[in-house]
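# Report on the structure
So you can see what is in the structure, the chains are spelled out below.
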Amino acid sequence: MLRSQLTDALKKAVLEKDAVSVTTVRLILAALKERDIAARGEGNTDGISDEEILTLLQAMVKQRRESIEMYTKGNRPELAAQEAAEIGVIERFLPKQMSDDEIEAAVKGVVTDLGATCLKDMGRTMAALREKYASCMDFGKAGGVAKKLLG
């Protein structure tokens, strides 16, 4: 499903002459093709799943956020703006991310469900969160909330 959304978005961006969207979607499709080829080597002829595509997109957003930070420190605002524009394009294909309050509520719920009481339960808590909220939660923030609750 995501594959067709990406190819449709590329066609639309080309027709609209949206240069940022065209280059960003082409980068996504190239990374996707690279992952598909790697998956073929492991016996998966269908290509990677939508879940793996979401993981790829999240990694691309994370890379760009790190780049923005570096460009800002290096006094390169034009490059930081370009990275921010690419994040906007990539995020169109990701599910809506949870807010800080939603993350805190989800972490509290999982801690309660698991009966987690100390930092030793951190691994179980994070595993349960990843299983439940794989594509819509910032696990860096969730880890901080979990550590505060368990520590």
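Here, every reference points to the structure presented above.
Below, the structure is looked at part by part.

When you go through the protein chain residue by residue, the secondary structure sums to seven helices and zero strands. From first element to last, N terminus to C terminus, the protein chain shows the α and β order α-α-α-α-α-α-α. Its C-alpha atoms put the protein chain at 55 × 45 × 25 Å along the principal axes. Considering the protein chain as a whole, with its 151 residues, one finds that 35% of them fall into the buried category. Partitioning the contacts of the protein chain with sequence separation of at least 6, the portion at a separation of at least 24 is 59%.

For Ser-21, the location among the structural elements is in helix H2 (residues 19-41). Here Arg-92 takes part through its side chain, which lies 2.8 Å from a polar atom of the side chain of Ser-21. Excluding anything up to four places from it in sequence, Ser-21 contacts Ala-13, Val-89 and Arg-92.

Of note in this structure, Lys-17 is not a glycine but carries a positive phi near 55 degrees. Mapped onto the secondary structure, Lys-17 falls in the loop between helix H1 (2-16) and H2. Owing to a relative accessible area of 72%, Lys-17 belongs among the exposed residues under this scheme. Its identity is not glycine, yet Asn-75 carries a phi of approximately 60 degrees, on the positive side. As for its position among the elements, Asn-75 is in the loop between helix H3 (50-73) and helix H4 (77-91).

This part takes up the packing of aromatic side chains. Taken as a whole and judged by the stated rule, the model has zero aromatic pairs. Over the ring of Phe-139 we find Arg-130, and its NZ or CZ is 4.8 Å from the ring centre.

Taken together, the side chains of Glu-42, Asp-50, Glu-51 and Glu-52 make up a negatively charged region of the molecular surface. Within the secondary structure, Glu-51 is located in helix H3.

Bringing the packing of helix H6 (residues 122-132) against helix H7 (residues 139-150) into the picture now. Across the interface, H6 lies against H7 with an axial gap of 10 Å and an inter-helix angle of 140 degrees. Accordingly, the angle class assigned to the pair H6 and H7 is oblique. Handedness of the H6/H7 crossing: right-handed. In contact with Met-122, Thr-125, Met-126, Leu-129 and Arg-130 of H6, H7 contributes Phe-139, Ala-142, Gly-143, Ala-146, Lys-147 and Leu-150. For the contact of H6 with H7, the residue count by class is seven nonpolar, two polar and two charged.

Mapped onto the secondary structure, Thr-117 falls in the loop between helix H5 (100-114) and H6. Judged by its relative accessible area of 61%, Thr-117 is exposed.

Parameters and conventions
- Residues numbered from 1 in each chain as written.
- Predicted model: local features only at pLDDT ≥ 70, side-chain atom pairs only at ≥ 80, totals over all residues.
- Heavy atoms only, no water.
- Helix = DSSP H or I, 4+ residues; strand = E, 2+ residues; numbered from the N terminus.
- Buried < 20%, exposed > 50% of the residue type's maximum accessible area, 1.4 Å probe, protein only.
- Contact = heavy atoms within 4.5 Å.
- Polar contact = N/O pair within 3.5 Å; in protein donor to acceptor, adjacent residues only side chain to side chain.
- Phe/Tyr/Trp six-rings, centres within 6.5 Å; stacked < 30°, edge-to-face > 60°.
- Lys NZ or Arg CZ within 6 Å of the ring centre and 35° of its normal.
- Patch = residues over 30% accessible without salt bridge, like charges linked within 9 Å, V, L, I, M, F, W, Y side chains within 5 Å.
- Areas by Shrake-Rupley, 256 points an atom, 1.4 Å probe, with all protein chains shown as cover.
- Salt bridge = Lys/Arg side-chain N within 4 Å of Asp/Glu carboxyl O.
- Lys, Arg positive; Asp, Glu negative; His and termini not counted.
- Charge placed at Lys NZ, Arg CZ, Asp CG, Glu CD.
- Axes fitted to C-alpha atoms, helices over the stretch in contact; angles between N-to-C directions.
- Parallel < 35°, antiparallel > 145°, perpendicular 65-115°, else oblique.
- Left-handed = near helix turned anticlockwise from the far one by under 90°.
- Nonpolar A, V, L, I, M, F, W, Y, C, P; charged D, E, K, R; others polar.

Functional significance is not addressed by these values, which are geometric in nature.
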